[in-house]
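Residue-level listing of the chains:
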Amino acid sequence: MTDDDRFSGLAGVERVKADAAQRGLRVDVFERPAASSLAEAASLMGIEPGDIVKSLVVKRADGTFLFALVPGGRKISWPKLRAVIGVNKLQLPDAAQALDATGYERGTITPLGSRRDWPVVIDGSIAGRRVAMGAGAHGFSAVVDGDALIAAFDATVADISEPE
């Protein structure tokens, strides 16, 4: 079986739940209202902005991808991420490339249930926290223990972010 058909026939939230179950990762998926800002999203969910994790798909020069997970209120530090990965060039793909690489539209991207099992790099500040992240579909969030998420993906944990 190739990575592309790991979750054949499943879409969005169901892909996320299926992947989490395969990894033995407890994930709570819930419907949430749309928000116009990070602060509003955090308030609606009753959490701090830093407890919302952005899952960014990043393209390497060789055409492969990885996930970089950073907390709300922070952004990728490109020099730090390049140093961790050991490459000189990384970029954010356009929306179509991100969809093709993950099976998810921007705003819903998560490593859980991704079309391919790309490497995951998680900002060290996520360790030890319970966080909310994309759940594969607009209007949904997945809440997960950061340490369990790290373990489920055998993720690289490093300082890869800076304040926005």
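Quick caveat, the model's predicted, so the values are computed rather than measured.

Cut-off values and rules
- Residues numbered from 1 in each chain as written.
- Predicted model: local features only at pLDDT ≥ 70, side-chain atom pairs only at ≥ 80, totals over all residues.
- Heavy atoms only, no water.
- Pairing = 2+ DSSP bridges.
- Helix = DSSP H or I, 4+ residues; strand = E, 2+ residues; numbered from the N terminus.
- Contact = heavy atoms within 4.5 Å.
- Buried < 20%, exposed > 50% of the residue type's maximum accessible area, 1.4 Å probe, protein only.
- Axes fitted to C-alpha atoms, helices over the stretch in contact; angles between N-to-C directions.

A.B. asks: Give a detailed account of the sheet that holds strand 6 (residues 120-123), specifying residues and quantitative values.
C.D. replies: In space, the 5 strands of this open sheet follow the order 5-2-3-6-9, with mixed pairing throughout. Each edge of the sheet is formed by a strand with only one pairing partner; in this case those strands are strand 5 (90-91) and strand 9 (156-158). Pairing of strand 3 (residues 65-71) with strand 6 involves 3 bridges; the strand directions are parallel. Bridge assignment links Leu69 to a residue of strand 6, and that residue is Ile122.

A.B. asks: I'd like a rundown of the environment of Pro163, residues and numbers included.
C.D. replies: Structurally, Pro163 is set in strand 10 (residues 161-163). In this structure, the C-alpha to C-alpha distance between Pro163 and Ser77, residues 86 residues apart in sequence, is 8.9 Å. Residue contacts for Pro163: discarding those within four places in its chain leaves Gly73, Arg74 and Lys75.

A.B. asks: Any chance you could break down unusual backbone geometry for me, citing the residues and the numbers?
C.D. replies: Its identity as a non-glycine residue notwithstanding, Asp154 has a phi of 50 degrees, on the positive side. Inspection of the secondary structure assignment puts Asp154 in the loop between helix 5 (146-153) and strand 9. You can call Asp154 exposed: its relative accessible area is 69%.

A.B. asks: Just give me the short version of the sheet that holds strand 8 (residues 140-145), but keep the residues and values in it.
C.D. replies: Note on sheets: strands pair through backbone hydrogen bonds, and any given pair is parallel or antiparallel. Overall, antiparallel pairing links the 3 strands, which are arranged 1-8-7 in an open sheet. A strand with exactly one partner marks an edge of an open sheet, and here the two such strands are strand 1 (28-31) and strand 7 (130-134). Strand-to-strand twist across the sheet, computed as the mean angle between neighbouring axes with direction ignored, equals 30 degrees. By the bridge criterion, 4 bridges tie strand 1 to strand 8 in an arrangement that is antiparallel. Bridging from a neighbouring strand, Asp28 pairs with Val143 of strand 8.

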